[in-house]
Amino acid sequence: MEEKIKEVLRANGLKVTKTRIEIYKYLVNTRSHPTAEMVYNDIKEKLPGVSFATVYNVLNKLVELGLAKEFSINKSKHFDGRIVPHIHFVCISCGKIEDAELPDYNDVVRVAKEKGWDIKEFSLFIYGICPECKRKSKS
Ligand SMILES: [Zn+2]
Ligand SMILES: [Zn+2]
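This one's a predicted model, so the numbers in the text were calculated from it and none came from an experiment.

Colleague: Describe the overall build of the chain, listing the residues and the values that go with them.
Modeller: What the chain contains, in helices and strands, is six helices and five strands. Listing the helices and strands of the chain from first to last along the sequence gives α-α-α-α-β-β-β-β-α-β-α. In terms of its C-alpha atoms, the chain occupies a principal-axis envelope of roughly 50 × 45 × 25 Å. Pairs at least 24 apart in sequence give 49% of the contacts found in the chain among residues at least 6 apart.

Colleague: So what's going on with the pairing of strand S4 (residues 97-100)? Residues and values would help.
Modeller: Across a regular strand the side chains alternate sides, sitting on one face of the sheet and then on the other. Taken together, the four bridges between strand S3 (residues 87-91) and S4 define a ladder with antiparallel strand orientation. When the bridges of S4 are listed, Val90 appears paired with Ile97.

Colleague: Tell me about the packing of helix H2 (residues 18-29) against helix H3 (residues 36-43), residues and numbers included.
Modeller: With their axes 11 Å apart at the nearest point, H2 and H3 run at an angle of 115° to one another. For the element pair H2 / H3, the angle class is roughly perpendicular. The handedness of the crossing between H2 and H3 comes out as right-handed. Facing Glu22, Ile23 and Tyr26 of H2, the residues of H3 in contact are Val39, Asp42 and Ile43. The residue inventory of the contact of H2 with H3, partitioned by class, reads four nonpolar, no polar and two charged.

Colleague: So what's going on with the nonpolar core? Residues and values would help.
Modeller: By size, the foremost hydrophobic cluster in this structure holds 15 residues, and its most contacted members are Ile23, Leu27, Val39, Val55, Leu59 and Leu62. Of all elements in the fold, only helix H1 (2-11), H2, H3 and helix H4 (52-64) reach the threshold of two or more residues within this core. Every residue in contact with Ile23, bar those within four places of it in the chain, is listed here: Val39, Ile43, Val55, Val58 and Leu59.

Reading the values: the criteria
Residues numbered from 1 in each chain as written. Chains lettered and ligands numbered in written order. Predicted model: local features only at pLDDT ≥ 70, side-chain atom pairs only at ≥ 80, totals over all residues. Helix = DSSP H or I, 4+ residues; strand = E, 2+ residues; numbered from the N terminus. Contact = placed C-beta atoms within 7 Å. Pairing = 2+ DSSP bridges. Axes fitted to C-alpha atoms, helices over the stretch in contact; angles between N-to-C directions. Parallel < 35°, antiparallel > 145°, perpendicular 65-115°, else oblique. Left-handed = near helix turned anticlockwise from the far one by under 90°. Nonpolar A, V, L, I, M, F, W, Y, C, P; charged D, E, K, R; others polar. Core = buried A, V, L, I, M, F, W, Y, C linked by C-beta atoms within 7 Å. Buried ≥ 20, exposed ≤ 12 C-beta atoms within 10 Å, placed from the backbone.

Written out as structure tokens, the structure is:
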């Protein structure tokens, strides 16, 4: 995992820094789809002296380099270290964002091909109520 980011950074003429590597590792290992604020709060202990602006810039750089994805929910920007196509479920009650496997991305590719569309970006969001919130509303 570390090798991948080192390779991409070098290929783009960017310096391999501890900050960039740690933020990338954090993003790949979490399933919480954090905002920049969340990443900053979790990572500042590991990277003493790091500023929010740096974290924010690194996150955007990772997206630019194709190492991460970003999307907006309720006007806040979230980051995802998982770059393979997948489904996002957003709970409209607690705001939790979860991943699910896409049944078959090849079908998406096939449909796009039939239409003559070149896919540059793919996202699928389901909005609803998560099992925990459902349980809470019943009790
Ligand atoms: Zn919920
Ligand atoms: Zn995701």
